Structures are given as C-alpha cells and as structure tokens.
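Residue-level structural notes
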Amino acid sequence: MTSDGSPHRLWGGRFAAPVDEITERLNNSFAYDSRMWREDIQASIAHAEMLGETGVLPKEEAAAIADGLREVGAGLEDGTLAMDPRSEDVHTAIEGLLRAKIGPLAGKLHTARSRNDQVATDFRLYLKHAVERLVELLAQIQHTLLVVAEREMDAILPGYTHLQHAQPVRLAHHLLAYFWMFQRDRDRLRDWAARTDELPLGAGALAGTSFGIEPAIVARKLGFARVAPNSMDAVSDRDFALEFLSAAAILMVHCSRLGEELVLWSSPEFGFVTLADCVTTGSSIMPQKKNPDVAELARGKAGRVIGNLMGLLTVMKGLPLTYNKDMQEDKEAVFDTLDTLYTVLPALELSVRTATFDRLRMRQALAGDFSTATDLADALVRTGMPFRQAHELVGRLVRLCVERGRCLDDLGSADMVALVPELMAVEGLSMTPEASVESRRTPSGTARSSVERQLQQAKALLGL
C-alpha cells in the first residue's frame, strides 16, 4: 500500500496524475487472475533463488526474498493472510504482501524480469497443473464406461445412422465408442503438454535482459522441459492457451454427443435408459416430469466452451508483436473452460454410472425394423452374387414386406424365396439381431469376441 492509502503498484513514476476509475476497472484483472497466486509464488521463489545462485543478487537477499514468499504462501493457504482485492492483478497483490513481510527488499524480486514474462510463466504453470486434473477426470469417466460396458455386454440395441435404425449393435460397443473419443482427448492434452512445457521467464518485457541470469535453473526448479528460444515469441505467444481451448472444445463436443444420446434414450419414445434421481430434476408445473438436466447441460455448455475458443482466436488474430493488453482476455476464457469441464465431466460420469439400461426395451426396438437386411445381402454375396445385385434384391424384398405389412423377422425361408427366388441358394440363414451382432467379428466390430478384445485394449490404456 502506498503512503496515500491506495494499493501498491508495480509502475507509476512516469505518471503525474492517477488513472480514472473507469480505466482502473477496465484494466484490473485481479478478480480472475488471483487464482494463480500459488503459481506466482512458486515461479517467484524459483526466480529469486536463481538470482542468488547466479550472483545477480547477494545470496542472503535472494534467500530472504524466497523465505518471505514461502511465508506469504503459507499465510494465504491457512487464511492468516489475504490479498488486497483492490490490487491491479495477482502479481501486484503478492508483491504487496511480500513488501509488508520483508520491506523494501521485496522490490528486488522483480530484478531481471517483467510482468510480461512473469504472467506468461504463471499462466503456463497454472495450466500444466490444471490439465493434470483434467486428464484424471477423463480417466474416471473412461473407467465408468468400461465398467458399464462389461456389465451390459449382452444388451443389444439398434445402431443408428441418420438417426434411423441401421444395424444391431451391442450396448457395450456403443458405450466404448465414447471411451475412444475421451482417449483421443487425453492424447490431445498430452500432446498439448509437450508443446506447453517451455519456460518464458528470462524473456523480460520482450528483448531479454542485460543481467547475467540462467533461465535453465528456473526451468529445472519449476519442472519445465526447456527454455523459450525467442524472447519476443515467449511473451507474446498464447498458442498454448488457444490449443488448450481447441482440445477442450473437442472434448466438450464429445460430452455433448454423449449427453444428447442420454437425452434421447431416456425419452418415452426410446425408453432405453432411466437416469437416476441424482442427475435429473423436476418441473415447477408438471408433477410427472423427470428432466435429464445433467445430460442437457453437458450438451448446452459445449457452446460456451466453443465460444471461449472463438473469442480468444479473435483477440489474437490481429496483434502485432509483442505483448498487448488485449492478451489479458486470455485467462477468463481458459478459466471458464476449466471450471466448466471440472463440473461437466464428473456430472456426466455420475449419469452413466447410475443409469439403468432397459435391455428388453432395446431388444424390442429391433423388432420389425429391417436392421438385419444387410446380413441377408451379405448371405447372397457369399453365394457368388455381386454385392450391388444383392443390395438391389434385398431392397426389393424390404419394399415388398413394407407394402404387405410383413417384416424380415417373421418370414420363413419359403416366404423369402417366394418373394425373391434368388434366395434359394442361401442356406441356414438366421435373421435374428443376435446372429447379426455375433457375425461381425472384425477387430473393431460388435461381436462379443471383438468387444472383449476392445475392453482389454481399453483397460491397458488405463493401467487396469
């Protein structure tokens, strides 16, 4: 705090008059970047220790600064200290607490660094930690999908294209499709982590520093794999934030698709699943209603996350090198996305874990839907007939059945041959959904052996 009672600033000597209140409000980022206080203290300790180790600061001064920062961190953790909410940003707030703790020596902490490389470091460090938690949440929903898939191995339901009945599939196979979506999400975040693992600290405001620092020491202390090679890029790069938002947007699309299917399947028209009371809500006017709110919000909040990506892309698209105040808009988009994912993933996992699937209703939905027609065409192909001819013949059979109010399920061999004489060459054909499912033994198919193999692959990826 300054002598006039206003919050401490990291700048001001150049200015003869205070900024206007509206400028203060527009400029202030403390309300949202204050969540990075742990990372700010962690990076500042590493920086101070490096200044002492390289002789830029006397060792005793560097040690006193580092110890003071640890005390500030401990005070914030246990609640005996609090950051000044009037601070311009988290960096100002932490330095203000340090100044109150160790006096003017706190001013030496900023030797050989700028807020430009400081904030870029804090932000990367925060995201590295945050994404580790996100990967864990993804693993949890993947594990739940595996458990439910194993339990529902014998459940068969219509598979859809164009939201029309296509071919019978195992419910386990259907659920595991989402396992692989979320696996790609985990892989993308791992790829992101490798590119983000670069220390900006040492870049200064944009041109480096004239002090004899060794950023590699800081990188080692903070767990960064390498030091940024170009100081201008280091302070102006927000690719790591954009790439995270891109991966998050794809992740939320997957959540949205799973949510959409739970919404559809829980409707009376489908009746495939009953969602637990803990993930549904009622209506203020209709007593009978049980609304799939979690699934709907997983679907709806995808728009929010996609919007965050579009927003930051738009902010960054026209910025000249290097740092510009526009880039202060990066954190709210990222933090909001993280908070959304931290809520949606556990809620969606709970929805799947507590869902009750109606095997009988799923099986009944296959009755009379012609979803085994492809199996009949394949049987004709095995007699030597070209697939296009077989497709035409079976298509004609389906049309005749529809016109006469029949379905493939209730046609005997004689009935089929009467309608399509070429079927006389087909022997021992079973038109049941069970036979259809079990015939698809390709490595990625829906037969029991294929799904069991898929389960083993999935378990190996989770270390189970």
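My aim in this report is to walk through the structure given alongside it, one point at a time. None of these values were measured; they are calculated from a predicted model. (Residues numbered from 1 in each chain as written. Predicted model: local features only at pLDDT ≥ 70, side-chain atom pairs only at ≥ 80, totals over all residues. Heavy atoms only, no water.)

Within the protein, the regular secondary structure consists of 18 helices and six strands. Computed over the C-alpha atoms, the radius of gyration of the protein is 31 Å, more than 25% above the 23 Å expected from 2.2 N^0.38 for a compact globule of 464 residues. In terms of overall dimensions, the protein has C-alpha extents of about 100 × 55 × 40 Å along its principal axes. Out of the 464 residues belonging to the protein, those deemed buried represent 49%. Within the protein, contacts between residues separated by at least 24 positions form 77% of all contacts whose residues are at least 6 apart in sequence. Counting 51 positive and 63 negative side-chain charges, the protein places the centres of these two groups 2 Å from one another. (Helix = DSSP H or I, 4+ residues; strand = E, 2+ residues; numbered from the N terminus. Rg over C-alpha atoms; globule rule 2.2 N^0.38 Å. Buried < 20%, exposed > 50% of the residue type's maximum accessible area, 1.4 Å probe, protein only. Contact = heavy atoms within 4.5 Å. Lys, Arg positive; Asp, Glu negative; His and termini not counted. Charge placed at Lys NZ, Arg CZ, Asp CG, Glu CD.)

Attention shifts here to the packing of aromatic side chains. Inspection of every chain in the model, using the stated rule, returns eight aromatic pairs. Aromatic side chains Y126 and F335 sit 5.1 Å apart centroid to centroid with 65° between the ring planes, which places their arrangement in the edge-to-face category. Remark: F335 occurs in helix 12 (residues 330–353) and Y126 occurs in helix 6 (residues 115–151); sequence separation between them is 209 residues. F335 sits in the buried class, given a relative accessible area of 2%. A ring pair is formed by Y160 and F270, whose centres lie 6.0 Å apart and whose planes are at 50°; its orientation type is tilted. Remark: F270 occurs in the loop between helix 10 (239–265) and strand 5 (273–274) and Y160 occurs in strand 1 (residues 156–161); sequence separation between them is 110 residues. The rings of F123, Y126, F240 and F335 are connected pair by pair, giving a single aromatic cluster. (Phe/Tyr/Trp six-rings, centres within 6.5 Å; stacked < 30°, edge-to-face > 60°.)

Under the criterion given, the structure shown has 34 salt bridges. For K108, the salt bridge identified is with E61, shortest N-O distance 2.9 Å. Residue K108 is located in the loop between helix 5 (90–102) and helix 6, and its partner E61 is located in helix 4 (residues 59–78); the two are separated by 47 residues in the primary sequence. Assessed through its relative accessible area of 33%, K108 is described here as partly exposed. Among the salt bridges present, the one from E152 reaches R151, with a minimum N-O distance of 3.1 Å. We classify R151 as partly exposed; its relative accessible area is 39%. One salt-bridge network, in which partners are shared between bridges, spans E49, E53, D67, R70 and K221. (Salt bridge = Lys/Arg side-chain N within 4 Å of Asp/Glu carboxyl O.)

Take the nonpolar core next. Grouped together as the largest cluster of nonpolar side chains are 77 residues, with contacts concentrated most on L127, F182, F244 and V334. The set of elements that each furnish at least two residues to this core consists of helix 6, helix 7 (171–196), helix 10, helix 11 (293–316), helix 12 and helix 18 (448–461). The contact partners of F182, leaving out residues within four places of it in the chain, are L138, I141, Q142, L145, L251, H254, C255 and L258. V72, I213, I217 and V218 belong to the second largest nonpolar core, which has 33 residues in total. (Core = buried A, V, L, I, M, F, W, Y, C linked by side-chain atoms within 4.5 Å.)

Note that strand 1 and strand 2 (residues 164–170) share six bridges and pair antiparallel. Looking at the pairing, I156 lines up with R170 of strand 2. Between the end of strand 1 and the start of strand 2, which pair antiparallel, lie two residues, with H162 showing a positive phi angle near 55°. (Pairing = 2+ DSSP bridges.)

With their axes 9 Å apart at the nearest point, helix 7 and helix 10 run at an angle of 170° to one another. Here helix 7 lies roughly antiparallel to helix 10, going by the angle between them. On helix 10, the residues touching L171, H174, Y178, M181, F182, R184, D185, R188, L189, W192, R195 and T196 of helix 7 are F240, E243, F244, A247, I250, L251, H254, C255, R257, L258, E261 and W265. (Axes fitted to C-alpha atoms, helices over the stretch in contact; angles between N-to-C directions. Parallel < 35°, antiparallel > 145°, perpendicular 65-115°, else oblique.)

Running from N to C, helix 6 and helix 12 point in directions that differ by 15°, and their axes come no closer than 10 Å. As judged from the angle between their axes, helix 6 and helix 12 are roughly parallel. Seen along the crossing, helix 6 lies across helix 12 with a hand that is left-handed. Taken together, the residues of the contact of helix 6 with helix 12 sort by class into 20 nonpolar, two polar and six charged. (Left-handed = near helix turned anticlockwise from the far one by under 90°. Nonpolar A, V, L, I, M, F, W, Y, C, P; charged D, E, K, R; others polar.)

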